[in-house]
Each structure stands twice: as C-alpha cells, then as structure tokens.
Protein chains: 2
Amino acid sequence: MSEQTKFVLTEKDLPEKWYNINPDMPVNPAETAWNAVLHPVTKQPVTPEFLTALFPARFVGEAVSMDRWIEIPEEVREIYKLWRPTPLLRARRLEKMLDTPAHIYYKYEGVSPVGSHKPNTAVAQAFYAKEEGTLGFTTETGAGQWGSALSMAANFFGLECHVYMVKVSYGLKPYRRIIMENYGATVTASPSMNTEFGRKLLAEDPDNPGSLGIAISEAVEAAVSSNGKYKYSLGSVLGPVLTHQSVIGQEALKQMEMAGEYPDVVIGCVGGGSNFAGIAFPFLHLNFTEGKKTRIMAVEPTACPTLTKGQYTFDYGDTAGMAPIVKMHTLGHTFMPPDIHAGGLRYHGMAPHICSLYDNGDIEAVALDQLDTFEGALQFMKAEGILPAPESSHAVRAAINEALQAKEEGREKVILFNLSGHGLFDLASYAAYNQGGLRRYRYPDDKIAEAMQHLPQVNL
Amino acid sequence: MSEQTKFVLTEKDLPEKWYNINPDMPVNPAETAWNAVLHPVTKQPVTPEFLTALFPARFVGEAVSMDRWIEIPEEVREIYKLWRPTPLLRARRLEKMLDTPAHIYYKYEGVSPVGSHKPNTAVAQAFYAKEEGTLGFTTETGAGQWGSALSMAANFFGLECHVYMVKVSYGLKPYRRIIMENYGATVTASPSMNTEFGRKLLAEDPDNPGSLGIAISEAVEAAVSSNGKYKYSLGSVLGPVLTHQSVIGQEALKQMEMAGEYPDVVIGCVGGGSNFAGIAFPFLHLNFTEGKKTRIMAVEPTACPTLTKGQYTFDYGDTAGMAPIVKMHTLGHTFMPPDIHAGGLRYHGMAPHICSLYDNGDIEAVALDQLDTFEGALQFMKAEGILPAPESSHAVRAAINEALQAKEEGREKVILFNLSGHGLFDLASYAAYNQGGLRRYRYPDDKIAEAMQHLPQVNL
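The structure reproduced in this document is the subject of the present report.

Cut-offs and rules
Residues numbered from 1 in each chain as written. Chains lettered and ligands numbered in written order. Predicted model: local features only at pLDDT ≥ 70, side-chain atom pairs only at ≥ 80, totals over all residues. Heavy atoms only, no water. Helix = DSSP H or I, 4+ residues; strand = E, 2+ residues; numbered from the N terminus. Buried < 20%, exposed > 50% of the residue type's maximum accessible area, 1.4 Å probe, protein only. Contact = heavy atoms within 4.5 Å. Areas by Shrake-Rupley, 256 points an atom, 1.4 Å probe, with all protein chains shown as cover. Lys, Arg positive; Asp, Glu negative; His and termini not counted. Charge placed at Lys NZ, Arg CZ, Asp CG, Glu CD. Buried area = accessible area lost by both parts, 1.4 Å probe. Polar contact = N/O pair within 3.5 Å; in protein donor to acceptor, adjacent residues only side chain to side chain. Nonpolar A, V, L, I, M, F, W, Y, C, P; charged D, E, K, R; others polar. Salt bridge = Lys/Arg side-chain N within 4 Å of Asp/Glu carboxyl O. Pairing = 2+ DSSP bridges. Least-squares fit on C-alpha atoms with pLDDT ≥ 70 in both. Axes fitted to C-alpha atoms, helices over the stretch in contact; angles between N-to-C directions. Parallel < 35°, antiparallel > 145°, perpendicular 65-115°, else oblique. Left-handed = near helix turned anticlockwise from the far one by under 90°.

A count of helices and strands for chain A gives 19 helices and 15 strands. Going through the 460 residues of chain A one by one, you find that 69% of them count as buried. Taking all contacts inside chain A whose residues are at least 6 apart in sequence as the whole, residues at least 24 apart take part in 77%. About 14800 Å² of surface is accessible on chain A, with carbon and sulfur atoms providing 49% of the total. With 40 positive and 52 negative side-chain charges, chain A shows a spacing of 3 Å between the two charge centroids.

Here it is, written out as structure tokens:
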C-alpha cells in the first residue's frame, strides 16, 4: 500500500533551458524552419520583416535557431515557479480498475492557474513582447485554454490582450471569457465585426460557428493592421511554442527516473501539437541520440483527423489565407470540423515539426471518437479523482487502450501520458455527454476531399 | 530574482497523524466534546446510540478522543497522496504590488481534484463508513465544494452519495452538480420534496432559496429515516472534521520552516470553521505548548457575522431543530443570511471548538464585506495568477489588509493564510461582481434579534 504514487520536483529542478528539436530533426530542417514558410500572397519564402511584424523578434529568432538548448529567461522561470514543476503521478488506482499489468504514469499540467499547459509558452511570449516594447497581443482561442493563458501572461507583464474566441466555444464556455476578462483581457466572439474577414463571413452566414482557423485569421488581421502596436501570438503549431513546452517532458524525464522506470510509450493529444511536443520531444531526443526505442503517440479526434487522414502538403495556417503557408498534414484550410467538445483539437493543420516526424515514421498517430474519449475520461476520474479536459481525454483514452492491450498480451508496459488540462471549464460538455446528447463523428471524407480543392498552388 | 517562491513537500512528508485539539483546549472540554451536545428533543446530553445512528462509530470515537495525535489510516493517506502534500507559496508578486514590507505566504488547497480542502475529511469519513459496512452517505452542500468532495470520496470507496444542495447555489452553480453526478452522486435542490421538512418549507414558500441549515436538516432526516442504511456526513463544524483538516497546518509548519520564517499571523475564512481550523490549530498548538505568540485570525462575511455579532449560547446545528444542540456562537438557527456569493460561509453557527477558543481570547475574528473580498481576490489573481473561491477570498482580503497595515507601520510581518479553494466554479459570481451586480451587506441586526427569540430553551 505504501508504494510511491506522486513524484514531485522542487523549484531547483525547474529546467534552465528549453529543448529545441531543430538540430535533431531527422529531415532537412528547411521543411520545418522559417525558410519553408511561404508568404500567403507571394507564395515565396517569408522575409524576416514579415515575421517580425507578426511576432516578437526573439521568438522569430528561436524558430530558426539550431541551438539544441535555449536558456529560459530568469523572468520567465520566476513565473513558471508559481505552479511548476508540475507533478507526475502513477495511476495505481486506474491500473487496478483496468486490472492491467501495465504501469500508467501521467504528467499533470492542470495545476497551472488556468488549468492547462498553455502558460508555458504564453509567459515566454509575453516576456519577449514586453522586452521589445509592444503594447500587447492579439490572439485566437478555441476552447479558451490558450486565451486564458495568454491573458494571464500578458497581465503579469502589464500588456494588453485581445482575444478572438471561436464562437461555438464562446457560447458553450461563457466562464472562460470571464476568467480572461478578470485578467484584464478583451474577448470577442469570432467571426466578429472587428475585422474585414469576420465581416465578410458574417455577411455570408450570420450563424457561422467559427473555427480556430477563422479566429487565427481575425487575430492576424488585427495585429497586422495595428501598425506595430500589437503582436500576434499563437499558442501552438510554431517551433518556438513546441520548444517552450519542452519543460513538460524534461521534468517528466527526471520524474520517471525517480520512479525507476522508463516509458515504452509516450502519449499526448494533438490539435496544433504543443502539449504533445512538450511531453514527447525530450523523449524523442533520447530515441535519436541514445538509441531508446520509446513509441511516441499522437492522438487526434476522428472528427478532425489531420495526421491520420490529412494530406502532407503546403497549406495556409488559417482559414482566410492570410497566415503563412507551411508544409504540414492538412485537411484543407477551408475544412470546417464538426463542433466537437474538444474545441482545442479542431484545427485543419498541425505543427510542421510533428508532421515531418510523422511522415518520417518517428512518431505514431491514432484517431479516437469523442464518445470513447468521454467514456475514458470518466473512468479516469472515478479512479484518480481528476476530471480531464475533453482534449486531454484523447490521451487518457489512448493510454487506457494501451493498458488494456498490455493486459491482453499479458505483458508489462510502461505508459506515460500528458494530462494537459483539467475539465472544470468543460462541465457543460460532460452534461451533454451524460444526457446522451453527443454523437459519433467519423471523418467526413467528402468534406475533406472538397477542401483539398482549395489548397494554395505552390511552385518551389 | 532567484529567491524561493514555492515550498513543496514529498509524499514522505505527508503527516502520519492528525492533530486533535481536544486535550489542548484551554477550557473545560465538556463545552466542546459530545457530552455538551444535546438531543434536539430531550435537550439532554446525547447518547452514543443517537450519534452512531448518524455518524460512523470511529468518527464518533474521534470526537471524544483525548489523544493529541490520531493515526491517519493508510487507506486514507493513499488517497491523500493523489494531491497532497499541497504547495505553500510566498506571494512575492503580491508583496511587490502592495509595496509592503510584510512577507505573505499562502497554503494552496485548490490543487485537490475538486479544488478545495474539503476532501481531507471526506476521504476519512468515507473510509470509516466503508469499514463499518454502510451503503453510503446523505449530506448537504452550500457552494458545492463539500458535495463534490464527498462524492469523490464516496466513489473511491464504492459508496452511494446523496447530496442536498442549497437551492440558491444549485441555481448559481449548475456545473458543480455535474461534477458530483460524474462521481456517481445524486444531487437534489434543497428545500426538496424528498423530506418532510422540505415539503413543509415549500408549502409555506415555494421560492425558499434554501440555506446550509435547511439542507443539513433534510440530509439528517434522510439518514435517520433510512434505518441505518445511510450515514449522515458533515463537512465542517464537528471536532473530527477539524482534526482531519489538521494536515493543512502540519504541512504548512514544515513548509514555513523550509522558508526559514514563522508566521506572526495565521488567517483563514470561517463558515463552519474547517479550513480555518485546518491551518490554524497546529500553530495554536505551539502557542499553547511552546509559548509562540502567533495571532490566529478567523474571517467571516459581514452578511453572516457569526463570531463577531452572534451570541455564545446553545442552539440547534440546523434550521429545522432536528440536529443536535451545541454551545456555539450563533445568529439563531432561524436566521436566513442574504444569498451572498460565498455560499460556504452562510451558516448561522460555527464549530464549537472555534467558538470556545474565540470566547477565551485565543483567536481573533473579523468580518468583511463581499465587495471588499471580491476586490481583494482580483488583486490576488492579477499578482499570483490563481483566482480564489469567494469563500477563500475572505482570507485573501484579510491578508492584504494585514500587509497594508504592516506597510503603514513600516514593519516586517510574516503573514500566512489558507487559500482553501480556487474560484473556477464561481465565475458566474465574478461576472456578477464585474457587472456591478453585487451589493454591500451589513449584518441585519433586526433579523438576528428576531432569530434570537427562537433559541432552544436549555436547562443544564
């Protein structure tokens, strides 16, 4: 009974550097670095001027950096310390419930003040923006987790924060808006009348439910048209974001060492890819450099199966075609995913690094239906107490499936997954699930095929 | 910049014993132990049979125990480990914001899966009920924090949980209900048609908003009329509950030692008194036994000022007069507090131990208005990131007031307060505050005076 359950680190164990995967990418870095990023109009490689108009210069610099380790500024670490290092737990009660020989570990990022991993990059980006004299940020948010994180981070550095929130989430998750406003942010339902693109969409369809892609377009437009007063901030997809999230996996490495085990499989859910990269890349690093053979598994919704059903090609990062074009797995930038409850996973594309690694066979991907992920989440909650966010529930269910497979095969297996956030903002979604109001979504083949007609024409 | 902010303990530091204040009470223990508890009808000291019909026998035994240290069962510690020990932080950013020479520390209980300190006793009570073969619990909940905690704990031990939720909170906090239901509990708005008392109240006034006192009456009636199938569970007020919460203060003692400081003042909000006792009693113990002179401060709402305006006398624990009569500070069991947003502090009485200590001058009490506590909570959130529960915000504001006083007096002061829960379930309340929809509540003198007419007549 007195076996160790929780593995905690102190402030002193907080990583001093982020892990940047660029130099370890097994493919031509040109496929994932900025020089493979194309201007949405000219379709030629973007200029540094274009990028620094959008993002803080230090952030742009990190994207092209070939330094494996990037020092975490002391100002950022001081804020990380409010909730980091986060705990890693062995899910002993879940193991018993499943009657599995597998050992299941989870890294819990829900202890941050906003309940998810998102502040890991928000704080860094806010520090850079402050350092460079910017007034504040424009950004988008799906489920609200990113918007809350950036609102908090902007507040810490005295910056403004203007959030475009996907309309369907704005309606489903009114409380997320209040928390952003409490940090001093302004929150607008997207599509909105604030931007040219939003006005165009609303003229076509006043009931447009919005999507991450649309909200990105609006936030980008608002930043670009601000004459440099505001920078745009993205909470996923981009290389520096994945780099900032590496604190998760670095801590988990230390904690697994405390547990005296090493994972056979590392699992994270993927929308844009940031929490997945955060836990996975430090383990992938050891696959590359120390010959470890850990399976690295990305879990996405069947309703938005970017890796498992998308095409690996060049596409716009947003819906409007205003954001840069990158090479990634995509369902087509005009693809509109059904409004599943894991709002943070409704993105037509995916972090280029992750796509490249998937294409190269370094990582696996699996798609799960939301009904199965809610079921897994409630099973986890009954065993371990914590209610997972619908996004994180994809990782939970995949871990349960791996554990059940281990039972079937009668072998021990060490499973580590990232519980990227809690579901306390998602209780309306759980209510809908409990009342039988959710349905299964297969990937809509015909809609994806239709969206594929609208890929940008790129000649490189 | 690299000064320590967060003080973390490992599983090994989890207390092995609870601290029971009974042997250290500076007054006749008869005033607080069960032999000062009177039967609501006979008004004579209650029998062990009466109490064990309501509560698990081991729980009743703890109430009369004169053992200073009570071993925490291994089954309870195993579950504590899912989130305990909880962190203690120095609020360096808040100190800077207030420009105070005071050092402000907070113990953060919001990291539990249900976001408050309540599971500390819920898990113990559920283990006792399971051990004694009970089917499950009936209980009441105000803000929903206690109901969530007991639902989780009951689920861990395979017990049923039937929660009577104060109707005004049931309406304001629908999401709390969903989380209880997700753990497998049934939740009923109180007053309800399930009980005789509920039916009586609804016949008199179908719009009765409910109160903790009414909900207690219903839960007690449901347990008593179950012929022993269900036990009643109370999340505050009773001695064993205060004892179970002592893990908070014991951990905080170790963590303050890590910080190299000792608090001049320890602060907690009080409704029934459990989180306050949890952080305060272990420090009070050292006031009693080691000559420490730490000020111990209980903070209550001006709308329900039990300690500061109540009478120290015998009164029913519930509104209906079905629960035992105890000696405590009371506003009268028929007193109906206004429906302030700190639902967990709307109780006419107070833990007898706390009343006795207050009456004896061992602790202080102060009443704060909810407008001031919301203001303090948002200030704290902007500095430290975490949004406090409206209940906990009373402690936050009192700590801020103490820090500002230290600034005025130009002296260092070490302040420790209990941040008993986060406010992520209370965003509707924050929305109401932000929109200017909350008003000041002074204690309603005339209503208290009226309620005082209905105290039970006791001859001892």
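On we go from here.
Once that is clear, we can look at the interface of chain B and chain A. Taken residue by residue, the interface counts 48 residues in chain B and 48 residues in chain A. Buried surface at the junction of chain B and chain A, both sides included, amounts to about 4300 Å², of which 61% is carbon and sulfur. Here chain B is connected to chain A by 17 residue pairs in polar contact (both at pLDDT 80 or more). Breaking the side of chain B that touches chain A down by element, the ones donating at least two residues are α3 (74–80), α6 (145–156), α8 (174–182), α16 (370–384) and α18 (427–434) of chain B. A per-class count over the side of chain B that touches chain A returns 27 nonpolar, 10 polar and 11 charged.

Moving on: the side chain of B:Glu384. Here B:Glu384 is to be found in helix α16. One buried charge, B:Glu384, has no salt-bridge partner; the nearest side chain with opposite charge is B:Arg93, at 5.5 Å. When neighbours within four sequence positions are excluded, B:Glu384 is seen to be in contact with A:Leu82, A:Pro113, A:Phe156, B:Arg90, B:Ala91, B:Arg92, B:Arg93, B:Leu94 and B:Tyr106.

The next point concerns the sheet that holds strand β5 (residues 103–108) of chain A. Residues and elements named next belong to chain A. Strand order in this open sheet of seven strands is β1-β4-β5-β15-β10-β11-β14, and the pairing throughout is mixed. Every other strand in the sheet has two partners, leaving β1 (6–7) and β14 (364–368) as the edge strands with one partner each. The pairing of strand β10 (residues 265–269) with strand β15 (residues 414–419) spans three bridges and is classified as parallel. Among the inter-strand pairings, Val265 is bridged to a residue of β15, identified as Ile415.

So, on to the pattern of salt bridges. Residue and element names in this part refer to chain A. All chains considered together, the criterion is met by 38 salt bridges over all chains. Glu95 is the salt-bridge partner of Arg90, the closest N and O atoms lying 2.8 Å from each other. Each member of the pair, Arg90 together with Glu95, is buried. A salt bridge links Glu375 to Arg397, with the nearest nitrogen and oxygen atoms 2.6 Å apart.

Take the relation of the copies chain B and chain A next. After a rotation of 180° and a shift along the axis of 0.0 Å, chain B superposes on chain A with an RMSD of 0.0 Å. The two molecules are tied by a two-fold rotation axis, judged by turn and shift. Ranked by how close their C-alpha atoms come to the rotation axis, the residues of chain B are headed by B:Val111, at 3.2 Å. The residues that chain B uses at the interface reappear at the interface of chain A in 100% of cases, marking a shared surface.

Right, let's talk about the packing of helix α16 (residues 370–384) of chain A against helix α18 (residues 427–434) of chain A for a bit. Residues and elements named next belong to chain A. At a minimum axis separation of 11 Å, α16 and α18 run at an interaxial angle of 105°. As summarised for this structure, α16 and α18 are arranged roughly perpendicular, according to the angle between their axes. Where α16 approaches α18, its residues Leu371, Phe374, Glu375, Ala377 and Leu378 are matched on the opposing element by Ser429, Tyr430, Tyr433 and Asn434. Looking at the contact of α16 with α18 residue by residue, the class counts come to six nonpolar, two polar and one charged.

A separate point is unusual backbone geometry. Residue and element names in this part refer to chain B. Of note, the bond from Arg84 into Pro85 is cis; its omega dihedral lies within 30 degrees of zero at -10°. Locating Pro85 in the fold gives a position in the loop between α3 and β4 (88–90). Residue Pro191 is bonded to the preceding Ser190 through a cis peptide linkage, with omega at 5°. Along the polypeptide, Pro191 turns up in the loop between β8 (186–190) and α9 (196–204). The phi dihedral of Lys43 is positive, around 60°, even though this residue is not glycine. Locating Lys43 in the fold gives a position in the loop between β2 (17–19) and α1 (48–54).

Residue and element names in this part refer to chain B. What the four strands build is an open sheet, ordered β8-β7-β6-β9; its pairing is parallel. Two strands close off the open sheet at either side, each with one partner strand: β8 and β9 (230–233). Across the sheet, the axes of successive neighbouring strands diverge by a mean angle of 25°, strand direction being ignored. Contacting β6 (136–141), β7 (160–166), β8 and β9, helix α10 (residues 212–224) runs over the sheet at an angle of about 165° to β6.

Residue and element names in this part refer to chain B. As a packed pair, helix α13 (residues 274–290) and helix α15 (residues 352–359) sit with axes 12 Å apart at the nearest point and diverge in direction by 45°. Classified by the angle between their axes, α13 and α15 sit oblique to one another. Of the two elements, α13 crosses α15, and the hand of that crossing is left-handed. Across from Phe276, Ala277, Phe281, Leu284 and Phe288 in α13, the residues of α15 making contact are His353, Ile354 and Leu357.

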